[in-house]
Amino acid sequence: MCVDVKSFFASVEAVRRGLDPLEAYIAVVSDVRRAGAVVLASSPRVKSEYNIKTGNRLFEIPKRSPIMVVEPNMALYIHVNQAIQNIFRRFVADEDLHVYSIDESILDVTASHNLFGPSEAMAEAILKMVKDELGLIVAVGIGDNPLLAKLALDNEAKKRPPWIAKWTYEMVPETVWKIQPLTAFWGISRGYDEKLKRMGIYTIEGLAHANPVRLQKTLGVMGLQLYYHAWGLDASIISQKERPKSKSYSKNQILMRDYDVKAEILMIIKEMVSDVCARLRKHQEKCREVHLGIGYSDRELHLGFTARIKLVRPKNSTDIISEAARQEFIKRWQGEPVRSVNITAGTIVSQGLQQLELFFEGEEKTRAIDRVVDDLRKRFGKKAIFYAGSMAGGTFLERADYVGGHKGKSE
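Residues numbered from 1 in each chain as written. Predicted model: local features only at pLDDT ≥ 70, side-chain atom pairs only at ≥ 80, totals over all residues. Heavy atoms only, no water.

A.B. asks: So, the side chain of D4: which residues are in play, and what are the values?
C.D. replies: Relative to the assigned elements, D4 resides in strand β1 (residues 2–5). Despite being buried, D4 has no salt bridge partner; K158 is the closest side chain of opposite charge, sitting 4.1 Å away. What D4 contacts, discounting residues up to four positions off in sequence, is D103, E104, I137, V138, A139, L153 and K158. (Helix = DSSP H or I, 4+ residues; strand = E, 2+ residues; numbered from the N terminus. Buried < 20%, exposed > 50% of the residue type's maximum accessible area, 1.4 Å probe, protein only. Lys, Arg positive; Asp, Glu negative; His and termini not counted. Salt bridge = Lys/Arg side-chain N within 4 Å of Asp/Glu carboxyl O. Contact = heavy atoms within 4.5 Å.)

Laid out in structure tokens, this is it:
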């Protein structure tokens, strides 16, 4: 079964204020000070009556309305999520629980029927426990496999009480094939939607009856997967989770304003590199390459650029990697207003034993500085030590207490 908390962020905010999640008028916005701030979640009534959903902007919320605009409290959301996962663990073992996102999980209840009865009974019990203990409303999709459970959740259970829907293999023609538009089907993005339509495929039923060889030739392995999914087929088993083939550490930031002063942009890059490198050192790892992504504000002129920086040797030094990123930025930037920055450390290797080399004696000093910075921040908090430039244009001080990219605690 696939379980989703309805309007999770907004519902948590409603409950903490003593309101009914289904009746409250609440919108969680990334930053209440900016008119262009993104709506992260809205309560069911806000969605149905004002059509304000995730992705809308603050300025789109009617000023004369009962909608309560609040900033996110990520630390609280994570705490509530953990409480919900603990309820799920009363029904399944950890290996049969997959946390799909902060508000959605997949449970393989196959081994739980002897203890708790049929899936429908477990779904009703979960709904009641979450409501009684946390005040939240969850929707449950039940299926013969994870895919059918997910489709049942998104296309039926979420939409109306009793918030439970079951889709089986036998029901595929009357359920899966009726999903419209194509983008409402899990796994079909706007890009795949356009490609399928160019192939003359406009419905899930049409996808199910398309030539699988042609689909694979046109769309690659994804085309074949979509073909099987159109028939409701999914061979994945939750307990047999596949480990990712590669590992990386990344930090992304959408800036609160356009940045066109080179020194300020470079400071933000250095702050973000510092954060990524600290994570590398925490896990005793290094990276062989770094990706720098810059997004411009005026997208009609240029989208921005992405640079791949290969390091001579694996590194986790803030100074060395930030200098490499600085040089790459200066080489490519021509004064465009910057609105987003991404730093990704890739090709990760274990730190292992370090061999000092004759021509790299200066690196010991940088390692000592990194150790001191890491230790001070661990003992006294992130703001215990920072770059002086962070006080003029940087974003480190403002974001130091953020969780998951948003405010960890409500003000």
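Text resumes after the structure shown.
A.B. asks: Describe empty space enclosed by the protein, and please don't skip the residues or the numbers.
C.D. replies: Within the structure shown, the criterion is met by 2 cavities of 30 Å³ or more. Taken as a whole, the largest cavity spans an internal volume of roughly 40 Å³. Along its surface, the largest cavity is lined by V3, D4, V5, N81, I84, Q85, F88, I102, D103, E104 and S105. Going through the elements one at a time, β1, α3 (74–88) and β6 (104–107) are the ones with two or more residues in the lining of the largest cavity. Per-element accounting of the lining of the largest cavity gives the leading share, 4 residues, to α3. The residue makeup of the lining of the largest cavity, split by class, is 5 nonpolar, 3 polar and 3 charged. (1 Å grid on protein atoms, 1.4 Å probe; cavity = no way out; pocket = protein on both sides within 12 Å on 5 of 7 lines; lining within 4 Å. Points joined across faces, edges and corners; volume = space filled by probe spheres on them. Nonpolar A, V, L, I, M, F, W, Y, C, P; charged D, E, K, R; others polar.)

A.B. asks: Would you mind going over the side chain of N155 in detail, with residue names and values included?
C.D. replies: Following the sequence through the fold, N155 ends up in helix α6 (residues 146–157). Of the residues examined, N155 reaches a relative accessible area of 17% and is grouped as buried. A polar side-chain atom of N155 sits 2.9 Å from the main-chain carbonyl oxygen of L151. Among residues more than four places away in sequence, those in contact with N155 are W167, I179 and A184. (Polar contact = N/O pair within 3.5 Å; in protein donor to acceptor, adjacent residues only side chain to side chain.)

A.B. asks: Residue-level account of the sheet that holds strand β4 (residues 68–70), with values.
C.D. replies: In space, the 3 strands of this open sheet follow the order β3-β2-β4, with mixed pairing throughout. With one partner strand each, in any of the chains shown, β3 (39–42) and β4 form the two edges of the open sheet. Sheet twist, expressed as the mean angle between neighbouring strand axes with direction ignored, is 25 degrees. Looking at chain direction, strand β2 (residues 26–29) and β4 are connected through 3 bridges and run parallel. (Pairing = 2+ DSSP bridges. Axes fitted to C-alpha atoms, helices over the stretch in contact; angles between N-to-C directions.)

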